[in-house]
Amino acid sequence: MTHGSTGKSTETGETLGTKERLVQAAGPIFARSGFAEATVREICDSAGANLAAINYHFGDKWGLYVATIEAAHLRLMDIVPYPAWPESVSAAEEIVAVHPSDRAPDDQRRADRLA
């Protein structure tokens, strides 16, 4: 990846904007340091952005953290196949089915109440 006046280039040659560079840079930093220890200065330095960019694009460090988690979740959804559920299956039933090892004896009753 290269830095330039227009931002970082991805492996496909696509140039990322400041917001995308911040999210991309924040992921490894939050993962390594945790939310409390990660600094906006380190994230901005890594992204090649100025400190005001976090407030402009995300409101604050927490907003950047949420955007980073959302981006990681979307990438994971592209990698890990997620079952296609019929419309008759409630979200609660999907959760219980996807995480059976976490199921307590009364989880089905809770799923029924949530449906």
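Refer to the structure above for everything that follows.
Rules behind the numbers
- Residue indices follow the written sequence of each chain, beginning from 1 at its first position.
- Per-residue local features of the predicted model are confined to residues with pLDDT of at least 70, and side-chain atom pairs are confined, for both listing and counting, to 80 or more; whole-chain, interface and lining totals are unaffected and use all residues.
- Water and hydrogen atoms were dropped before computing side-chain values, which therefore reflect all heavy atoms in the structure.
- Per the convention used, a helix needs a DSSP run of H or I reaching at least four residues, while a strand needs a run of E reaching at least two, with both numbered from the N terminus.
- Summary of the burial criterion: residues with accessible area below 20% of their type's maximum are buried, those above 50% are exposed, and those between are partly exposed, where the area comes from a 1.4 Å probe applied to protein chains only.
- The charge count includes Lys and Arg as positive and Asp and Glu as negative, but it does not include His or the ends of the chains.
- The working definition used for a salt bridge is a side-chain nitrogen of Lys or Arg within 4 Å of a carboxyl oxygen of Asp or Glu.
- Here a polar contact is recorded for every N or O atom pair within 3.5 Å, except that within protein the pair must consist of a potential hydrogen donor and a potential acceptor, and residues adjacent in sequence are included only if both atoms are side-chain atoms.
- Here the term cavity refers to a set of points on a 1 Å grid, laid over the protein atoms alone, in which a 1.4 Å probe fits but cannot get out; the term pocket refers to an open set having protein on both sides within 12 Å along at least five of seven lines, with lining residues being those that place an atom within 4 Å of a point.
- Grid points are joined across faces, edges and corners, and a volume is the space filled by probe spheres set on the points.
- Planes of paired rings set the category: under 30 degrees apart is stacked, over 60 is edge-to-face and the rest tilted, where pairs are Phe, Tyr or Trp rings (Trp by its six-membered ring) whose centres lie within 6.5 Å.
- Geometrically, a lysine NZ or arginine CZ counts as sitting over a ring once it is within 6 Å of the ring centre and also within 35 degrees of the ring normal.

Participant: Which residues make up the side chain of arginine 21, and what are the values?
Facilitator: Of note, arginine 21 is situated in helix α1 (residues 18-37). No salt bridge is formed by the buried arginine 21. Its closest oppositely charged neighbour is glutamate 20, at 6.9 Å. A distance of 3.5 Å separates a polar side-chain atom of arginine 21 from the backbone oxygen of leucine 16.

Participant: Give a detailed account of the layout of surface pockets, specifying residues and quantitative values.
Facilitator: Volume-wise, the largest pocket comes out at about 220 Å³. Going through the elements one at a time, α1 and α4 (61-79) are the ones with two or more residues in the lining of the largest pocket. With six residues, α1 is the single largest residue contributor to the lining of the largest pocket.

Participant: Explain the packing of aromatic side chains to me, and be specific about the residues and the numbers.
Facilitator: For any pair of aromatic rings, geometry is given as the distance between the ring centres together with the angle between the planes. Tallied over the full model, the rule gives five aromatic pairs. For the ring pair phenylalanine 30 and phenylalanine 35, a centre distance of 6.0 Å and an interplane angle of 20 degrees mean the geometry is stacked. Using a relative accessible area of 30% as the deciding quantity, one classes phenylalanine 35 as partly exposed. Plain terms: the ring middles of phenylalanine 35 and tyrosine 65 are 5.2 Å apart, the flat faces sit at 65 degrees to each other, and that makes the pair edge-to-face. Here phenylalanine 35 is found in helix α1, whereas its partner tyrosine 65 is found in helix α4, with 30 residues between them in sequence. For tyrosine 65, a relative accessible area of 23% corresponds to the partly exposed category. Following the ring pairs from residue to residue traces out a cluster consisting of Phe30, Phe35, Trp62 and Tyr65. Over the aromatic face of phenylalanine 35 sits the side chain of lysine 61, whose NZ or CZ is 4.6 Å from the ring centroid.

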